Amino acid sequence: MKKHKRFGVIFLSMLLALALVVPACAADTGYSDVAGDAWYAEAVAYCRENNLMDGVGGGRFDPEGSLTRAALATVLYRIAGTPSVTGTDTFTDTDDGKWYSSAVLWASQQELVGGYGNGLFGTNDPVTRQDMTTILWRYADSPSASGAEDFSDESTISSYAAAAVDWA
């Protein structure tokens with residue numbers, strides 16, 4: 001499991017870095033709303049080819065949209081190899097048998113996600129920067145960080161995310 005986590009964090013970091021610095025060649029993204037010469041086209045094609053992301057339906061990827069909490073859990077679940085899960089999650093706003101169900105259950109069982117409290121997960125809510133960082137930090141086994149630079153908005157970071165943001 002630790003090997004998968006390390007790979008997942010490294011993969012996501014590389015994917016983000018590639019999306020920022022690699023000049024795109026004409027890539028077959030498979031989505032009508034992602035041009036083959038878009039700066040992020042190769043990253044989108046990789047996600048599609050490796051079954052990490054399926055798009056939003058209707059042959060669209062929605063590159064200007066927000067990543068949802070359920071979608072992030074699903075990407076990490078797929079990187080982990082879609083391990084078998086049993087049971088049900090404790091969230092009142094998730095449904096069994098949906099595209100995200102096994103992923104959210106797995107992420108909850110791995111203690112990567114905890115929801116908002118009061119039994120809410122926020123399936124379709126956009127994942128915030130601090131929540132994404134915290135989930136990735138937990139996925140990487142919560143490594144310690146030292147010498148982190150402060151962000152200009154450091155005072156707005158929630159206490160539960162402070163160590164994860166320092167790590168990032």
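You'll find the structure just up there.
Just so it is clear, the model here is predicted, and its values are computed rather than measured. (Residues numbered from 1 in each chain as written. Predicted model: local features only at pLDDT ≥ 70, side-chain atom pairs only at ≥ 80, totals over all residues. Heavy atoms only, no water.)

The next point concerns the side chain of threonine 123. With respect to the helices and strands, the residue threonine 123 is situated in the loop between α4 (101-109) and α5 (129-139). Judged by its relative accessible area of 5%, threonine 123 is buried. If near-sequence neighbours (up to four positions away) are discounted, threonine 123 is found in contact with Thr68, Arg69, Ala70, Asp93, Thr94 and Tyr100. (Helix = DSSP H or I, 4+ residues; strand = E, 2+ residues; numbered from the N terminus. Buried < 20%, exposed > 50% of the residue type's maximum accessible area, 1.4 Å probe, protein only. Contact = heavy atoms within 4.5 Å.)

With that settled, the discussion passes to the side chain of threonine 68. Mapped onto the elements of the fold, threonine 68 is located in the loop between α2 (41-49) and α3 (69-79). On the accessibility criterion, threonine 68 (16% relative accessible area) is buried. At 3.0 Å, the side chain of threonine 68 and the backbone nitrogen of alanine 71 are in polar contact. Ignoring any residue separated from it by four or fewer positions in sequence, one finds threonine 68 in contact with Trp99, Thr123, Asn124, Asp125, Pro126 and Val127. (Polar contact = N/O pair within 3.5 Å; in protein donor to acceptor, adjacent residues only side chain to side chain.)

Attention now moves to α4. Residue pairs three or four apart in sequence face the same way in an α-helix, which turns once every 3.6 residues. Residues of α4 that are buried: Ser101, Ala103, Val104, Leu105, Trp106 and Ala107. Elements in contact with the buried residues of α4: α3 and α5.

So, on to the nonpolar core. Of all hydrophobic cores here, the largest spans 25 residues; its most connected members are Leu76, Trp106, Leu112 and Tyr139. For this core, the elements supplying multiple residues, two or more each, are α3, α4 and α5. Within the second largest apolar cluster, 8 residues are counted, among which are Ala27, Tyr40, Val44 and Phe61. (Core = buried A, V, L, I, M, F, W, Y, C linked by side-chain atoms within 4.5 Å.)

Turning our eyes to something else, we now look at the packing of aromatic side chains. Under the counting rule described, the total for this entry stands at 6 aromatic pairs. Consider the rings of tyrosine 77 and tryptophan 106, whose centres lie 5.7 Å apart with planes at 55 degrees: the pair is tilted. In this pair, tyrosine 77 is assigned in helix α3 and tryptophan 106 in helix α4, connecting sequence segments 29 residues apart. You can call tyrosine 77 buried: its relative accessible area is 11%. Judged by relative accessible area, which is 2%, tryptophan 106 ranks as buried. Ring geometry for tryptophan 99 and tyrosine 100: centres 5.5 Å apart, planes at 90 degrees, overall edge-to-face. A residue is classified by how much of its surface remains accessible, and tryptophan 99, at 53% relative accessible area, is exposed. An aromatic cluster of three or more residues is present, and its members are Tyr77, Trp106 and Tyr139. The ring of phenylalanine 121 carries arginine 69 above its face, with NZ or CZ at 4.8 Å from the centroid. (Phe/Tyr/Trp six-rings, centres within 6.5 Å; stacked < 30°, edge-to-face > 60°. Lys NZ or Arg CZ within 6 Å of the ring centre and 35° of its normal.)

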